[in-house]
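Descriptive analysis of the structure
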Amino acid sequence: MSTEKTTPPSPETEKIGVYVCHCGSNIAGIVDVQEVAEWAGERLKERGVVVARDYKFMCSSLGQELIEKDIQEKGLTRVVVAACSPHLHENTFRTACGRAGLNPYLCELVSIREQVSWVHTDKDAATTKSKAVVSGGVERVIHHEPLEPLVVPIHPTTLVVGGGIAGIQAALEIADAGFPVILVEREPSIGGHMAQFDKTFPTLDCSACILTPRMVSVGSHPNITLLTWSEVTRVDGYVGNFTVTIRKKPRYINTQLCTGCGICQEKCPKKIIDDVYEAGLSYRKAVYTPFPQAVPKYPVIDRENCIFFQKGTCRACEKFCPTNAIDFSQNEEYMTIEAGNIILATGYDLFDPRRVTQYGYGRLANVFTSLEFERLSNSAGPTNGNIVLRDGVTPPAAVGIIHCVGSRDRNYNNYCSVICCMQGLKFAHLVKERTGATVYNFYIDMRTAYKAYDEFYQRVLEEGTLFVRGKVAEVTDAARLPGEDGKLIIQVEDTLAGIQRRIPVDMVILSSGLEPRHDAKQVAQLFGLSCSADGWYIEKHPKLDPVATMTEGIFIAGCVQGPKDIPSSVSQGAAAAARVLGRIQQEHIALEPIRATVDETKCSGCRICNNLCPFNAILFHADRNVSEVNPALCQGCGTCVAACPAGAISGTGFSNEQILAQIEGLLLLNLTPKYTLAAL
């Protein structure tokens, strides 16, 4: 990955250019940028600096041209740019150096925005610190070596994990472009949460009407291999060459023979409460398809509740199946697939409102979750779309909808769940439309930011929904005033009116927030990703790269990254697919050459590094009793370098010489005595 070493680098043999960025006022507002540049040109001349400049926006095309011109005209051999975080613009300046004929890895970017101007208020102190940071960068860049990227081929197959709307969109985009996709879903059918909804805001489209065609396209697409009732159990390899192990759970249905006629479900005598698709409001059989439009159409047998697996009797489904498709002898299967890129779209879990005990869910009969109401209002739901109380008969005369349950609350989740306001407005419209009931929406702040959202809010206002601004304190059935008997009473402070109110209603709907899936951290470890403090997967950059992750070749889409609505999930699914297609069409990818290497003459074979590597990039050769780093898997994190007790591992781009030289420069020990820290 690097060229052959010649003589050790020294300031006498190098020509270094220093470029200090104003970043508008981001840096220049607290750092005297011109003074820093002049200081570097004068005081670091003996360390090889031949030119030092400041510029308003160094990352602009004009700023980059300034660097390129100096490299070509002054013969610069090293470049130091003092600007923002390397995470943001290191590649920008490396590319500029490359265009001018200088090896990109002979460029060092030091941060005087995040590490100086943004964390200081004293201009003199910030300017002094910036000089030290530049000095450290100059000393470090002297020890840089020219490196070459590691080029690896890209396997054309993409693995999409999660069959909700984001995963469906991603899979179809890639498959329609002519490349193979393997879509893995842990449930019996694709569709995700969207398959449970009745209407979608703000246009009130039928959810099934817009989702089902997409599901059918996935199920019949020649470029998509659909693996439902399956889970990923192991991920090996690296970008372009992942090896993934998938566990296929037994359906106990021979899908080659099954026609999806439904006779097995009709004849099955065992009923179980459907806690997944019907949110506990209805029953399903031990052999079932989750919903009528399920893709694939084949049912599964719930082993835990099947009478045959419990007692060895029954077999009614087998007896009545006209095609002999029931197969109780099926076992788990494991399959290994090769994939070049992976898209994770595993979705979210709904916040459990039982945790907010004062709202009475699970204790008060007519308190419903948002998902329960979705099923109530769905024409294919347990009540055929009739909005009724728990008795299944009585329509409510007054309904209270509580926003932000479990969201924007320091006791549970600090973040906004994005969909709650619009979901609550949609519920208000549906209740009004189908029952004519009086509807109260209890909200903290109304957030209707996207296209046609605020118009929908105005529509619901015009329909007569009553809005109460204030966080609900309690939902109780304890009557205190006339007219409260047999009602649910919502206790709330109306912050607009400045009064406490007790509002009696028949039904309460809790607009629950979104949370990361219960196994999000385990899945993140499986794929080598990181989670935020809230549990959502961390993207490579929150603004400029929201679908990539720090693990090359693995992308995220939909609510795995954070709460979002259906349009945003679809957009992100398509964006992730576009990134993958770009990789596939290139056929090869150049990997960052910042990698760890093992000096076999120093390695004792202790294997400490093998167990610590988060990317499983270190192999142990028992025959030679040494470890070896796979450069394609290594991400250059440095964990093994720090952990090796023998000092046998070094990190390219982060050698001991580079780090110690940078420290010496930061402490200004590289300057002649007359240029000590006191002289600054």
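Residues numbered from 1 in each chain as written. Predicted model: local features only at pLDDT ≥ 70, side-chain atom pairs only at ≥ 80, totals over all residues. Heavy atoms only, no water.

In spatial order, the strands read E24-E25-E26; together these 3 strands make up an open sheet with antiparallel pairing. With partners counted over all chains shown, the strands left at the sheet margins are strand E24 (472–476) and strand E26 (499–505), one partner each. When the angles between neighbouring strand axes are averaged without regard to direction, this sheet yields 20°. As defined by bridge partners, strand E25 (residues 488–494) adjoins E26 across 7 bridges and the pair is classed as antiparallel. Pairing of Asp 494 across the sheet is with Ile 499, part of E26. (Pairing = 2+ DSSP bridges. Helix = DSSP H or I, 4+ residues; strand = E, 2+ residues; numbered from the N terminus. Axes fitted to C-alpha atoms, helices over the stretch in contact; angles between N-to-C directions.)

With that out of the way, let us pick up the side chain of Asp 302. Mapping Asp 302 onto the fold places it in the loop between strand E16 (300–301) and helix H8 (307–311). On the basis of relative accessible area, Asp 302 is assigned to the buried category, the value being 12%. Excluding its chain neighbours within four sequence positions, the residues that come into contact with Asp 302 are Arg 284, Ala 286 and Tyr 288. (Buried < 20%, exposed > 50% of the residue type's maximum accessible area, 1.4 Å probe, protein only. Contact = heavy atoms within 4.5 Å.)

Turning to the packing of helix H2 (residues 61–74) against helix H3 (residues 86–99), a few remarks are in order. Running from N to C, H2 and H3 point in directions that differ by 40°, and their axes come no closer than 9 Å. It follows from the interaxial angle that H2 and H3 lie oblique. In the packing of H2 onto H3, the handedness of the crossing is right-handed. For the pair H2 and H3, contact is made by Gln 64, Ile 67, Glu 68, Ile 71 and Gln 72 and by Thr 92, Phe 93, Ala 96, Cys 97 and Arg 99, respectively. Looking at the contact of H2 with H3, its residues break down into 5 nonpolar, 3 polar and 2 charged. (Parallel < 35°, antiparallel > 145°, perpendicular 65-115°, else oblique. Left-handed = near helix turned anticlockwise from the far one by under 90°. Nonpolar A, V, L, I, M, F, W, Y, C, P; charged D, E, K, R; others polar.)

Val 18, Val 79 and Val 81 are the most contacted members of the largest nonpolar core, which totals 44 residues. It is helix H4 (residues 123–142) that contributes the most residues to this core, 6 residues altogether. Contact partners of Val 79, with chain neighbours within four places excluded, come to Gly 17, Tyr 19, Ile 67, Ile 71, Cys 97, Leu 102, Leu 106, Cys 107, Glu 108 and Val 141. Grouped together as the second largest cluster of nonpolar side chains are 40 residues, Ala 175, Val 295, Ile 343 and Ala 557 included. (Core = buried A, V, L, I, M, F, W, Y, C linked by side-chain atoms within 4.5 Å.)

As a further point, take the packing of aromatic side chains. Across all of its chains, the model carries 13 aromatic pairs by this definition. An aromatic cluster of at least three residues, connected via ring pairs, comprises Tyr 252, Phe 308, Phe 309 and Phe 328. If you follow Lys 267 out to its NZ or CZ, it ends over the ring of Phe 320, 5.0 Å from the centre. (Phe/Tyr/Trp six-rings, centres within 6.5 Å; stacked < 30°, edge-to-face > 60°. Lys NZ or Arg CZ within 6 Å of the ring centre and 35° of its normal.)

What follows concerns the domain arrangement of the protein. When cut into domains, the protein gives domain 1 (16–147), domain 2 (153–248 + 336–347 + 517–593), domain 3 (263–331) and domain 4 (350–513). Computed over C-alpha atoms, the centres of domain 3 and domain 4 are 35 Å apart. With 5 residues of domain 3 in contact, the opposing surface of domain 4 contributes 8 residues. Buried area between domain 3 and domain 4, summed over both chains or domains, comes out near 580 Å², and the portion from carbon and sulfur atoms is 63%. Area buried by domain 3 at its contact with domain 4 is led by Glu 278, Ala 279 and Leu 281, which between them contribute 71% of it. Arg 375 is the salt-bridge partner of Glu 278, the closest N and O atoms lying 3.0 Å from each other. Inspection of the region where domain 3 meets domain 4 yields 1 residue pair in polar contact (both at pLDDT 80 or more). By residue class, the composition of the side of domain 3 that touches domain 4 is 3 nonpolar, 1 polar and 1 charged. (Domains from an automatic or database assignment. Buried area = accessible area lost by both parts, 1.4 Å probe. Salt bridge = Lys/Arg side-chain N within 4 Å of Asp/Glu carboxyl O. Polar contact = N/O pair within 3.5 Å; in protein donor to acceptor, adjacent residues only side chain to side chain.)

When two helices pack together, their arrangement is given by the angle between the helix axes and the distance between those axes. For the pair helix H5 (residues 165–176) and helix H6 (residues 207–220), interaxial distance at closest approach is 10 Å and the crossing angle is 50°. Classified by the angle between their axes, H5 and H6 sit oblique to one another. Considering the relative orientation of H5 and H6, their crossing is left-handed. Within the contact between the two elements, H5 uses Ile 165, Ile 168, Gln 169 and Leu 172 and H6 uses Leu 211, Arg 214, Met 215, Ser 217 and Val 218.

Turning our eyes to something else, we now look at the sheet that holds strand E12 (residues 241–248). Spatially, the 3 strands line up as an open sheet ordered E11-E12-E17, and their pairing is antiparallel. In this open sheet, the two strands that pair with only one neighbour each are strand E11 (230–238) and strand E17 (333–339). Geometrically, the sheet is characterised by an average inter-axis angle of 20° between neighbouring strands, direction not taken into account. Where E11 lies against E12, 8 bridges are found, and the strand directions are antiparallel. For Asp 236, the partnering residue across the bridge sits in E12 and is Thr 243.

A separate point is the pattern of salt bridges. Counted by the stated rule, this structure contains 37 salt bridges. Between Arg 53 and Asp 70 there is a salt bridge; the shortest N-O distance is 2.7 Å. Separated by 17 residues along the polypeptide, Arg 53 in strand E2 (residues 49–55) and Asp 70 in helix H2 bring together distant segments of the chain. Take Asp 70: its relative accessible area is 3%, and that puts it in the buried class. When the shortest N-O distance is used, the salt bridge between Asp 545 and Arg 579 registers 2.5 Å. Of the two residues, Asp 545 is situated in the loop between helix H13 (520–527) and strand E29 (554–556) and Arg 579 in helix H14 (residues 566–586); the sequence distance between them amounts to 34 residues. Members of the salt-bridge network, linked through shared partners, are Arg 186, Glu 231, Arg 247, Glu 332, Asp 349, Arg 517 and Asp 519.

What follows deals with the side chain of Ser 111. With respect to the helices, strands and loops of the structure, Ser 111 is situated in strand E4 (residues 107–111). According to the relative accessible area criterion, Ser 111 is buried, its value standing at 5%. Separated by 3.1 Å, the side chains of Ser 111 and Glu 114 make a polar contact. From its side chain, Ser 111 meets the backbone nitrogen of Gln 115 in a polar contact 3.5 Å long.

When strand E32 (residues 618–621) meets strand E33 (residues 626–629), the two strands line up antiparallel, connected through 4 bridges. For Leu 619, the partnering residue across the bridge sits in E33 and is Glu 628.

Moving on, we get to unusual backbone geometry. With an omega of -5°, the peptide bond running from Phe 201 to Pro 202 counts as cis. As for its position among the elements, Pro 202 is in the loop between strand E8 (199–200) and strand E9 (205–206). A cis geometry characterises the amide bond from Val 295 onward to Pro 296, with omega recorded as 5°. Tracing the sequence through the fold places Pro 296 in the loop between strand E15 (287–288) and E16. For Leu 204, which is not glycine, the phi torsion reads 60° and is therefore positive. Relative to the elements of secondary structure, Leu 204 occurs in the loop between E8 and E9. Taking relative accessible area as the criterion, Leu 204 reaches 16% and is therefore assigned buried. A positive phi angle, close to 70°, is found at Glu 587, a residue other than glycine. For Glu 587, the position within the fold is in the loop between H14 and strand E30 (588–591).

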